[in-house]
Amino acid sequence: MGEAILQTAGVTKTFGGLNAVDAVDFTLAPGELVAVIGPNGAGKTTFVNLLSGALRPDTGAVMFEGRDISRLPVHARARLGITRSFQIASIFPGLTVMENVALAAQAHAGHSFRFWGEVAHEAPLRRKAHAQLAELGLADCADRQAAQLSHGEKRLLEIAMALVTAPRVLLLDEPMAGLGIAEARRMIDFIAALKGRFTILLVEHDMEAVFALADRVFVLASGARVADGLPDEVRADARVQLAYLGAEDEDL
Ligand SMILES: Nc1ncnc2c1ncn2[C@@H]1O[C@H](COP(=O)(O)OP(=O)(O)OP(=O)(O)O)[C@@H](O)[C@H]1O
């Protein structure tokens, strides 16, 4: 893989006396899908917050294309193309799927917020939304009201709303959470179809999804990196197995 698009160097975040993220070095190369895993409380959410800008590191740095972005807030990082799906996606339940995607496209286009009545007349936005939904295999949902979607379909819509903004890096925080078996399979297929076209960091407890999707697996435990490698290497790593001991719901 080429140079990192997103990188951390010795990044640390402390809460009280606890190093939630402890001197972590991490790289994400363009087009890669890296899964960040670890037992409960390992620091995964804190780490994503440090990447998205929701939290600032106490020490160390976050770099985007070699530029130090450690002090930039969420909106400035979003403008650079670092997109966390749920931050983009406040789904409007009374609007259709297509209208929600068109609104996300409009927000990204940099217009100040306008109500849907105005946006609805903008054919280019509607076309863009339709094209995005068709590309994602969601065209059959386009005219459904968002409120009527299943939980799994709403998660797909959130990701579609992030993707229409053409993110440079997509941060997916537990997209499988709360999905039934069939919905989980659909989500795995959906994310698999994004591979190579988008650069993705996936935080996920669902190991079936992680090992089906990841190019590389990055393991945190007690805030620190314990492994970073190919899925099969990580699965066989004794340090990883040790980190997961006692975490009954998270068998590797
Ligand atoms: N705002 C906060 N204030 C104090 N402690 C926090 C805060 N956020 C996280 N922590 C602590 O930091 C540690 C890491 O938490 P974090 O939520 O990042 O882990 P996680 O790997 O995402 O866990 P899970 O898999 O359970 O979501 C935990 O011990 C948690 O209690």
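As the structure is a prediction and not an experimental result, all values here were calculated from the model.

(A) Local environment of the sheet that holds strand S5 (residues 67-68). Strand order in the open sheet formed by four strands is S2-S1-S4-S5, and the pairing between neighbours is antiparallel. Because the sheet does not close on itself, it has two edges, and the strands there are strand S2 (18-28) and S5. In terms of strand pairing, strand S1 (residues 6-15) meets strand S4 (residues 59-64) through five bridges, oriented antiparallel. Considered in S4, the bridge of Thr12 is made with Thr59. Set on the sheet, helix H1 (residues 44-52) makes contact with S1, S2 and S4; between it and S1 the angle comes to about 120°.

(B) View of the sheet that holds strand S9 (residues 216-221). Pairing is mixed across the open sheet formed by six strands, whose spatial order is S6-S7-S8-S3-S9-S10. Each of the sheet's edge strands pairs with one partner strand only, and the pair in question is strand S6 (82-84) and strand S10 (224-229). Neighbour to neighbour, the strand axes of the sheet diverge by 20° on average, direction disregarded. Sheet analysis places strand S7 (residues 169-173) next to strand S8 (residues 200-203), joined by four bridges and oriented parallel. Across the sheet, the residue bridging to Leu171 is Leu201, located in S8.

(C) Region of interest: the packing of aromatic side chains. Enumeration according to the criterion identifies three aromatic pairs in this entry. Aromatic pair Phe47 and Phe218: ring centres 6.2 Å apart, planes at 10°, arrangement stacked. A residue pair is termed long-range when its members are at least 10 positions apart, and Phe47 in helix H1 and Phe218 in strand S9 qualify at 171 residues. The same class applies to Phe47 as to Phe218, namely buried. Each member of the aromatic cluster is reached from another via a ring pair, and the members are Phe26, Phe47 and Phe218.

(D) Representation of the environment of Ala212 within the structure. Mapped onto the elements, Ala212 comes out in helix H9 (residues 207-213). The class of Ala212 is partly exposed, set by a relative accessible area of 48%. Ala212 sits 20 residues away from Ala192 along the chain, and the two C-alpha atoms are 8.2 Å apart.

(E) Spatial organisation of the packing of helix H7 (residues 151-163) against helix H8 (residues 181-192). The interhelical angle for the contact between H7 and H8, taken along N-to-C directions, is 15°, at an axis separation of 9 Å. Judged on the interaxial angle alone, H8 and H7 are roughly parallel. The chirality of how H7 crosses H8 is right-handed. Contact with H7, carried on its side by His151, Gly152, Glu153, Arg155, Leu156 and Ile159, involves Glu183, Arg186, Met187 and Phe190 of H8 and no other residues of that element.

(F) Representation of the pattern of salt bridges within the structure. On inspection of all chains with the given rule, the structure shows 13 salt bridges. Here Arg216 makes a salt bridge to Glu32, at a shortest N to O gap of 2.8 Å. Of this pair, Arg216 sits in strand S9 while Glu32 sits in the loop between S2 and strand S3 (33-37); the two residues are 184 residues apart in sequence, bridging distant segments of the chain. The pair formed by Arg216 and Glu32 is uniform in burial state, with each residue classed as buried. Where salt bridges share partners, they join Glu32, Arg216, Arg225 and Asp228 into one cluster.

(G) How the structure looks around the site of the ligand. As a matter of local geometry, the ligand sits amid Phe15, Leu18, Ala20, Pro39, Asn40, Gly41, Ala42, Gly43, Lys44, Thr45, Thr46 and His205. At 2.9 Å, a side-chain N or O of His205 approaches an oxygen atom of the ligand. Within the complex, 58% of the 630 Å² of free accessible area of the ligand lies under protein. When contributions to the shell around the ligand are tallied by element, the ones reaching two or more residues are S2 and H1. In terms of residue count, the dominant contributor to the shell around the ligand is H1 (three residues).

Conventions adopted
Residues numbered from 1 in each chain as written. Predicted model: local features only at pLDDT ≥ 70, side-chain atom pairs only at ≥ 80, totals over all residues. Heavy atoms only, no water. Pairing = 2+ DSSP bridges. Helix = DSSP H or I, 4+ residues; strand = E, 2+ residues; numbered from the N terminus. Contact = heavy atoms within 4.5 Å. Axes fitted to C-alpha atoms, helices over the stretch in contact; angles between N-to-C directions. Phe/Tyr/Trp six-rings, centres within 6.5 Å; stacked < 30°, edge-to-face > 60°. Buried < 20%, exposed > 50% of the residue type's maximum accessible area, 1.4 Å probe, protein only. Parallel < 35°, antiparallel > 145°, perpendicular 65-115°, else oblique. Left-handed = near helix turned anticlockwise from the far one by under 90°. Salt bridge = Lys/Arg side-chain N within 4 Å of Asp/Glu carboxyl O. Near = heavy atom within 4 Å. Polar contact = N/O pair within 3.5 Å; in protein donor to acceptor, adjacent residues only side chain to side chain. Areas by Shrake-Rupley, 256 points an atom, 1.4 Å probe, with all protein chains shown as cover.

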